[in-house]
Amino acid sequence: MTIEWYPGHMSKAHEQMAELVRRIDVIIEILDARLPVSSANHLLAELRRNKPWIKVLNKNDLADPVVTKAWVRAFEQQTGIRALPLSAKQHREVLQLPKLCLRLAPTRGKPGRPLRAMVVGIPNVGKSTLINTLAGKAMARVGDKPAITTCAQQIDLRNGIILSDTPGVLWPTMSDQGAAYRLAATGAIGANALDYTDVGLFAGEFMLARYPDQLLTRYRFPELPESPTELLEQIGRRLGCIIAGGGIDLHRAAEAFLRELRAGKLGRISLEEPEPTAVEGESDVARDEAGIEP
Ligand code: G4P
């Protein structure tokens, strides 16, 4: 399966972003904490111009806390980068963001010298939700259709910070199919760009390998299904996803499975981890220390 994604306004958005970077003090990049690499805009590193860069690991309420900690450590090893895990729906957590911006640009945020921050993120990562929470009122439209924001807007937070909201940007073609599947598994890619059964099988394979206990807990399987197909079949059978002739409707089973995964019903799941050499050992230690089952 190849996922193509190239709405016309995307390249224009890259130009706008390059122009904007010149004029701002801090870059706020919104990532999905569950997949901070695949949900990144890879052009941003080229356009950055050494501006302080905050990587917001959003939807942290859905991500594996141990893995998120490892991501923060990994990102903050890079010069000029700070990582901030949060849930854009939680006002208290979101308040850390303006504080961090002001720490990174201490000469700004004063009368006559506002701090200008650019907010960037791929569609569906929670940018509108975050801006709404920050601004305290419904300024940016929130919805589940990727690429809903189409023109840049300035938002005065009235605390010395002015946000520039850039249009949602996703790279034109996802050459890495793994990234495409991970994005699809979390719902970042719209329903018309993917095959539910394929994505369900991909997510099932991942969960069987990485989070088998969560599957056992959620579905009360007597034992772990041996393959992703068997997993979807068992889920389909439970939910009555049956086609004429008595077979399992894998498409509907995959849909149900992905819905649960996206909503966090299977627990807090991260689909990407930092490089194993740097973090794997530490991650296991941190997990042991925290008393969290792998
Ligand atoms: P975008 O501007 O980046 O495209 O994303 P948007 O804010 O529209 O958010 C996309 C979806 O992600 C929304 O769900 C939103 O509620 C959800 N979301 C955003 N931030 C968080 C978070 O920190 N945690 C969780 N769990 N979800 C988050 P939706 O189902 O499309 O809409 P709705 O639930 O708001 O009706």
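Refer to the preceding data block for the structure.
Because the structure is predicted, anything quoted here is derived from the model rather than measured.

This part is about the overall build of the chain. In terms of regular secondary structure, the chain is built from 12 helices and 6 strands. Relative to its full complement of 294 residues, the chain shows a buried share of 51%. For the chain, the proportion of contacts with a sequence separation of at least 24, taken over those separated by at least 6, is 69%. Counting every atom, the chain has about 14200 Å² of accessible surface; 50% of that belongs to carbon and sulfur.

A few words now on the environment of Thr 197. Looking at the element boundaries, Thr 197 is found in helix H8 (residues 196-210). On a C-alpha basis, the gap between Thr 197 and Thr 229 in space is 9.4 Å, while along the polypeptide they are 32 residues apart. Residues in contact with Thr 197, not counting those within four places in the same chain, are Leu 232, Leu 250, His 251 and Ala 254.

Counting buried residues in strand E6 (residues 161-165) gives 5 out of 5 residues, a clear majority hidden from the surface. Residues of E6 alternate between two faces, with Ile 161, Leu 163 and Asp 165 on one and Ile 162 and Ser 164 on the opposite face, all of them buried. Bridge count for strand E4 (residues 115-121) against E6 is 5 bridges, and the pairing is parallel. Bridge pairing links Met 118 to Ser 164 in E6. Pairing geometry for strand E5 (residues 153-156) and E6, over 4 bridges, is antiparallel. Across the sheet, Ile 155 pairs through a bridge with Leu 163, a residue of E6.

So, on to the packing of H8 against helix H9 (residues 212-219). Interaxial distance between H8 and H9 falls to 5 Å at its minimum, and their mutual angle equals 105°. Taken together, the axis directions place H8 and H9 in an arrangement best described as roughly perpendicular. Each of Met 207, Leu 208, Ala 209 and Arg 210 in H8 lies in contact with H9, whose residues at this interface are Pro 212, Gln 214 and Leu 215. Of the residues belonging to the contact of H8 with H9, the class tally is 5 nonpolar, 1 polar and 1 charged.

Moving on to the site of the ligand. Inspection of the region around the ligand gives 18 residues, with Asp 61, Asn 124, Lys 127, Ser 128 and Thr 129 positioned closest. Note that a nitrogen atom of the ligand is positioned 2.9 Å from one of the side-chain N or O atoms of Asp 61. Measuring from an oxygen atom of the ligand, one finds a side-chain N or O atom of Lys 89 at 3.4 Å. For the ligand, whose unbound accessible area comes to 700 Å², protein coverage reaches 74%.

Throughout the structure, instances matching the rule amount to 4 aromatic pairs. A cation over a ring is seen here: Arg 210 above Tyr 211, with NZ or CZ 4.7 Å from the ring centre.

So, on to helix H6 (residues 127-135). The α-helix advances 3.6 residues per turn, and as a result positions three or four apart in sequence lie on the same side. The buried count for H6 comes to 8 of 9 residues, which makes it a mostly enclosed element. Among all positions of H6, only Lys 127, Ser 128, Thr 129, Leu 130, Ile 131, Asn 132, Thr 133 and Leu 134 are buried.

Moving on, we come to the sheet that holds strand E3 (residues 81-85). Sheet architecture is open: 6 strands sit in the order E3-E2-E1-E4-E6-E5, paired in mixed fashion. For this open sheet the edge positions go to E3 and E5, each flanked by a neighbour on one side alone. Recorded for the sheet is a direction-independent mean angle of 25° between the axes of neighbouring strands. Lying on the sheet, helix H3 (residues 65-76) is in contact with strand E1 (26-32), strand E2 (53-58) and E3; it crosses E3 at an angle near 165°.

Calculation criteria
- Residues numbered from 1 in each chain as written.
- Predicted model: local features only at pLDDT ≥ 70, side-chain atom pairs only at ≥ 80, totals over all residues.
- Heavy atoms only, no water.
- Helix = DSSP H or I, 4+ residues; strand = E, 2+ residues; numbered from the N terminus.
- Buried < 20%, exposed > 50% of the residue type's maximum accessible area, 1.4 Å probe, protein only.
- Contact = heavy atoms within 4.5 Å.
- Areas by Shrake-Rupley, 256 points an atom, 1.4 Å probe, with all protein chains shown as cover.
- Pairing = 2+ DSSP bridges.
- Axes fitted to C-alpha atoms, helices over the stretch in contact; angles between N-to-C directions.
- Parallel < 35°, antiparallel > 145°, perpendicular 65-115°, else oblique.
- Nonpolar A, V, L, I, M, F, W, Y, C, P; charged D, E, K, R; others polar.
- Near = heavy atom within 4 Å.
- Polar contact = N/O pair within 3.5 Å; in protein donor to acceptor, adjacent residues only side chain to side chain.
- Phe/Tyr/Trp six-rings, centres within 6.5 Å; stacked < 30°, edge-to-face > 60°.
- Lys NZ or Arg CZ within 6 Å of the ring centre and 35° of its normal.

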